[in-house]
Every structure is written in C-alpha cells, then in structure tokens.
Amino acid sequence: MKKQKQRLLLSATTALLVSGSAVHAESHQPPSYSQTGAQKITELKGTIDIINNKLLASGQLTNGAVGYATVGRVVIDDALDGGKITTAQFVAYEAALDKVVAHDYATAQDAKQLFTQEHTAAMNQLTLAVDLLTSATSVLATATSVSAVAAEADTKPEQVALQGMLQTDEYSIQASEVATYNDAVDNVEKYAQQAGAFMAAANNSDLTASIDSYTATNNLVAGNYTAITYTQNVDEFVITWSGNGTGWSGYLTDDMKDATAIYGANTYMQQNGTPIKDM
C-alpha cells in the first residue's frame with residue numbers, strides 16, 4: 001500500500017513539470033520613458049515569462065523533493081524558495097497589466113475591424129472558460145474514478161474500503177460541483193458562439209458593407225460603439241452608438257452548427273489537428 005501511495009504521489013507531481021529549463025530571473029523593471037501600446041504589451045509579456053519560469057522551477061523542485069522524500073532523504077529549509085513568486089515580481093506584473101488594460105488602442109475604423117476586435121476579445125474569454133471547464137471536469141473525474149474501485153469491490157473488506165472513499169469529498173460528487181461544471185459548459189458555449197459569430201461577421205462582406213454604409217450616413221466611427229450583442233436564436237447583431245441601438249439580422253444562417261456537427265468537428269480535429277470551416 002505504501003509503494004502504491006508513493007507511485008501515485010510521484011505521478012501527480014510529474015504533472016506539474018513543463019518541458020525546458022528553469023530560468024532564475026529577477027523582477028522586470030518597467031522603463032521610465034513614455035511607452036507605446038506595443039511596448040506595454042512586450043513589458044507585460046516579460047513579467048509573465050518570469051512568473052512562468054517560477055512555475056516551471058516549482059514543478060521541477062516539487063518533483064525532486066517528492067523523489068527524495070520517497071527514498072528517505074531530507075530537503076533543507078527554503079530549498080523550494082526558487083519556485084516562489086516574489087512580491088517584486090508580482091508588483092511588476094500587476095503594473096504592466098494595468099498599463100495594457102488602460103491603454104487606448106486603435107479604434108476600429110470599419111465594421112470588419114470592429115468584428116475582428118470583438119472576435120479576439122471573445123476568444124480570450126473562451127480560453128478562460130475552457131480553463132475553468134477543465135478544472136471543473138477534473139474535480140468530477142476524480143469522483144467518478146471510484147467506479148474502477150467499485151467494479152472490483154467483491155469482498156467485504158473491499159466494500160468497506162469503498163464505503164469509506166464514498167464518504168469523502170474527493171470521491172463523492174457534490175451539488176455545488178455539478179453546478180460549477182454545468183456553468184462552465186454554458187460559458188464555453190456562450191463564448192464559442194460569440195467568437196464564431198464575430199469572425200463570421202468579419203468575413204461577411206454584405207454585413208460589413210451594410211454597417212459601413214450606416215456609419216458613413218450617420219457620421220459615426222465604427223469603433224466608437226458603446227455596446228454590441230449577438231443573439232443566435234434570431235441571428236441578430238445589435239450595435240449601439242450614442243445611445244441608439246441598430247440591428248442587423250439574418251446574415252449568418254449558413255454558418256450555424258448543431259451538436260452533431262460539433263461532434264464531427266471534434267473528430268476531424270483529433271485526426272487532422274487544425275480546424276477548417278467545413279469540418
């Protein structure tokens with residue numbers, strides 16, 4: 001039993017590792033001169049790279065420490081400090097993040113640019129939503145893994161052990177965990193839908209021409225909108241300028257994909273990697 005626990009612990013810590021070498025880096029000091037938007041993004045990337053190096057170092061140090069613990073060697077105090085994110089490094093990241101968020105990047109001059117920017121923003125939200133779903137799935141997958149134990153629980157000691165597992169939070173499913181998981185699925189659908197709609201709109205010349213004509217007639221700049229929404233079940237974009245919302249509907253009918261098509265897209269991507277429009 002002890003050897004089994006040791007193998008499980010070593011296996012779990014291996015998952016923390018990322019290929020490559022840890023880099024010992026100090027906090028990134030922001031330049032004092034006035035920065036362009038691109039320079040602010042570069043600065044932010046530098047602070048993120050430093051934090052990523054810390055995550056890499058933490059994984060390597062944790063794996064080594066668990067290995068030594070398994071065979072009866074003692075790691076010294078502060079041996080894992082190299083994997084910690086320092087206050088200075090976090091402050092540098094936070095400052096760089098604030099500058100990028102606050103910067104006034106180029107305003108879209110036409111409908112295609114507008115939809116392309118919205119697509120990028122929706123894809124960023126989709127990435128976060130997928131991360132949350134992955135986390136929620138992992139929690140439930142741990143609980144459902146008890147099925148393998150249940151399949152082999154054909155003796156009373158094994159059945160008693162199974163009962164004990166089922167009485168722990170880790171190996172039982174809680175209502176809150178189901179709710180979190182379902183919410184995560186909904187958010188993936190929401191942002192995938194939004195991102196797909198914005199990209200389809202950017203590529204729809206009839207739609208962009210109509211919007212460009214509207215903004216020109218009303219002396220508006222496309223990127224100065226205050227709100228934009230897309231409602232799939234009526235296939236309608238509503239864009240608001242100066243408090244007035246205007247709708248465009250019926251342009252994406254041929255771009256709709258149901259669950260059957262989505263399963264098919266998954267199969268195609270597993271076999272071919274890169275997605276295409278007609279998967």
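Here the structure is a predicted model, which is why all the values come from computation and not from measurement.

Caption draft 1: Focus on the layout of surface pockets. Empty space within the largest pocket amounts to approximately 1,900 Å³. Around the largest pocket, the lining is made up of 40 residues, and of these Ala192, Gly196, Lys257, Ile262 and Met279 lie nearest the centre. Those elements that provide at least two residues to the lining of the largest pocket are α4 (111-144), α7 (175-202) and α9 (259-272). For the lining of the largest pocket, the element with the highest residue contribution is α7, accounting for 11 residues.

Caption draft 2: Fine view of the packing of helix α2 (residues 37-71) against helix α3 (residues 87-102). Contact geometry for α2 and α3: axes closest at 9 Å, N-to-C directions at 150°. Comparing the axis directions of α2 and α3 gives the class roughly antiparallel. Here α2 runs over α3; the crossing is left-handed. Along the contact surface, α2 presents Lys40, Ile41, Glu43, Leu44, Thr47, Ile48, Ile50, Ile51 and Lys54, while α3 presents Gln89, Ala92, Tyr93, Ala96, Leu97, Lys99 and Val100.

Caption draft 3: View of the pairing of strand β3 (residues 244-249). Bridge count between strand β2 (residues 236-241) and β3: 6 bridges; the pairing is antiparallel. Counted as the bridge partner of Phe237 is Trp248 from β3. Adjacent in sequence and paired antiparallel, β2 and β3 are bridged by 2 residues, among which Ser242 carries a positive phi angle near 50°.

Caption draft 4: Layout of α4. With 34 residues, α4 extends 47 Å between its outermost C-alpha atoms, agreeing within 8% with the 50 Å of an ideal straight helix rising 1.5 Å per residue. Every buried residue belonging to α4 is among Ala111, Leu114, Phe115, Glu118, His119, Ala122, Leu126, Ala129, Leu133, Ala136, Leu140 and Ala143, and all of these are buried. Those residues of α4 that are buried lie in contact with α5 (146-152), α7, α8 (205-217), β1 (227-231) and β2. Between the side-chain oxygen of the N-cap and the backbone nitrogen of Lys112 there are 3.2 Å, and the N-cap of α4 in question is Asp110.

Conventions adopted
Residues numbered from 1 in each chain as written. Predicted model: local features only at pLDDT ≥ 70, side-chain atom pairs only at ≥ 80, totals over all residues. Heavy atoms only, no water. 1 Å grid on protein atoms, 1.4 Å probe; cavity = no way out; pocket = protein on both sides within 12 Å on 5 of 7 lines; lining within 4 Å. Points joined across faces, edges and corners; volume = space filled by probe spheres on them. Helix = DSSP H or I, 4+ residues; strand = E, 2+ residues; numbered from the N terminus. Axes fitted to C-alpha atoms, helices over the stretch in contact; angles between N-to-C directions. Parallel < 35°, antiparallel > 145°, perpendicular 65-115°, else oblique. Left-handed = near helix turned anticlockwise from the far one by under 90°. Contact = heavy atoms within 4.5 Å. Pairing = 2+ DSSP bridges. Expected span 1.5 Å × (residues − 1). Buried < 20%, exposed > 50% of the residue type's maximum accessible area, 1.4 Å probe, protein only. Polar contact = N/O pair within 3.5 Å; in protein donor to acceptor, adjacent residues only side chain to side chain.

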